[in-house]
Amino acid sequence: MRGLGWGEIHNTPEKGPYSNDAEITGKVEYVSIKQGEGDKLLIDIVKGKVLGSPAIKATYYQHVEAMNVADKVVHAYRVTTKDKDATTTWVNFLLPEVIEGFESPDAKHQGGFFPSRFSRHWSYSLYRLPYGPGRSNLATFRLDDDQKRRWIGVAKTRPPKMMSRNMVVSVSQTAAESEPRVRVMFFEDFVFSFF
């Protein structure tokens, strides 16, 4: 889970100890993030099953190209989801691992971690903020240089001092606006000297 940026692995099991392919069954879920053209990132999110064959029967599949919107560490894309009778449009922000802060009630996230080194379990953060006329949402978090250097397309050299930046991502749209306003803010760097 923490091998982000080390390349792609495609593993198709060969027929081996199984008496037949019917023994290959189970749920499958994965996220693939890789460098796209220029500063863009390509994202695949797949959920599904294998039923008697290594081929995945996807119940959910998303393939998107995320645009760089700030400092090569914040990428964004839009997506629309349908849940029963409700259709929701979202701006998704893809980032390195961050330390979670405040989120508005409708905001969703995957990845990131609480302020404890024992709670990390994703190698990325994905914030999903719904938008529409009359709606606004935001999320706050902290990004450390250590995590930034692990991100795809970012210089890996270690600076003489480590910085930790507080960040805010927000999406709002008034009833009169045809498109949402998206904001990404960095503020108040914390600087730590290495001994």
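This structure is a prediction, so every number in the text was calculated from the model and none was measured. (Residues numbered from 1 in each chain as written. Predicted model: local features only at pLDDT ≥ 70, side-chain atom pairs only at ≥ 80, totals over all residues. Heavy atoms only, no water.)

Colleague: Help me get a handle on the packing of aromatic side chains, residues and values and all.
Modeller: Under the counting rule described, the total for this entry stands at one aromatic pair. The ring of Tyr-60 is capped by Lys-47, whose NZ or CZ atom sits 5.7 Å from the centre of that ring. Directly above the aromatic system of Trp-90 lies the positively charged group of Arg-128, at a separation of 4.1 Å from the ring centroid. (Phe/Tyr/Trp six-rings, centres within 6.5 Å; stacked < 30°, edge-to-face > 60°. Lys NZ or Arg CZ within 6 Å of the ring centre and 35° of its normal.)

Colleague: Any chance you could break down the confidence of the model for the protein for me, citing the residues and the numbers?
Modeller: Per-residue confidence for the protein gives a mean pLDDT of 81; residues scoring 70 or more make up 78%. Taken element by element, the protein is modelled with least confidence in strand E11 (residues 181–193), mean pLDDT 78, and with most confidence in strand E8 (residues 125–131), mean pLDDT 93. Confidence drops under pLDDT 50 across residues 1–9; counting only partners more than four residues distant or on other chains, this segment forms 17 contacts. (pLDDT = per-residue confidence, 0-100. Helix = DSSP H or I, 4+ residues; strand = E, 2+ residues; numbered from the N terminus. Contact = heavy atoms within 4.5 Å.)

Colleague: Describe the environment of Val-50, listing the residues and the values that go with them.
Modeller: Tracing the chain through its elements places Val-50 in strand E2 (residues 41–51). Take Val-50: its relative accessible area is 11%, and that puts it in the buried class. With 23 residues separating them along the chain, Val-50 and Lys-27 place their C-alpha atoms 6.5 Å apart. (Buried < 20%, exposed > 50% of the residue type's maximum accessible area, 1.4 Å probe, protein only.)

Colleague: I'd like a description of the pattern of salt bridges, backed by residues and values.
Modeller: Tallying each qualifying case throughout the model produces eight salt bridges. Between Asp-71 and Arg-165 there is a salt bridge, and its shortest N-O distance comes to 2.6 Å. In this pair, Asp-71 sits in the loop between strand E3 (56–70) and strand E4 (74–83) while Arg-165 sits in strand E10 (residues 161–173), placing the two residues 94 residues apart along the sequence. The partner of Glu-179 in a salt bridge is Arg-78, and the shortest N-O contact between them spans 2.8 Å. Taken together, the positions of Glu-179 in the loop between E10 and E11 and Arg-78 in strand E4 put the pair 101 residues apart, joining distant regions of the chain. According to the relative accessible area criterion, Glu-179 is partly exposed, its value standing at 40%. Among the charged side chains, a network of salt bridges with common partners joins Asp-71, Lys-148 and Arg-165. (Salt bridge = Lys/Arg side-chain N within 4 Å of Asp/Glu carboxyl O.)

Colleague: Talk me through the side chain of Arg-165; I want residue IDs and the actual numbers.
Modeller: The buried category is assigned to Arg-165, whose relative accessible area is 12%. Among the polar contacts listed, one links the side chain of Arg-165 to the side chain of Asp-71, at a separation of 2.6 Å. (Polar contact = N/O pair within 3.5 Å; in protein donor to acceptor, adjacent residues only side chain to side chain.)

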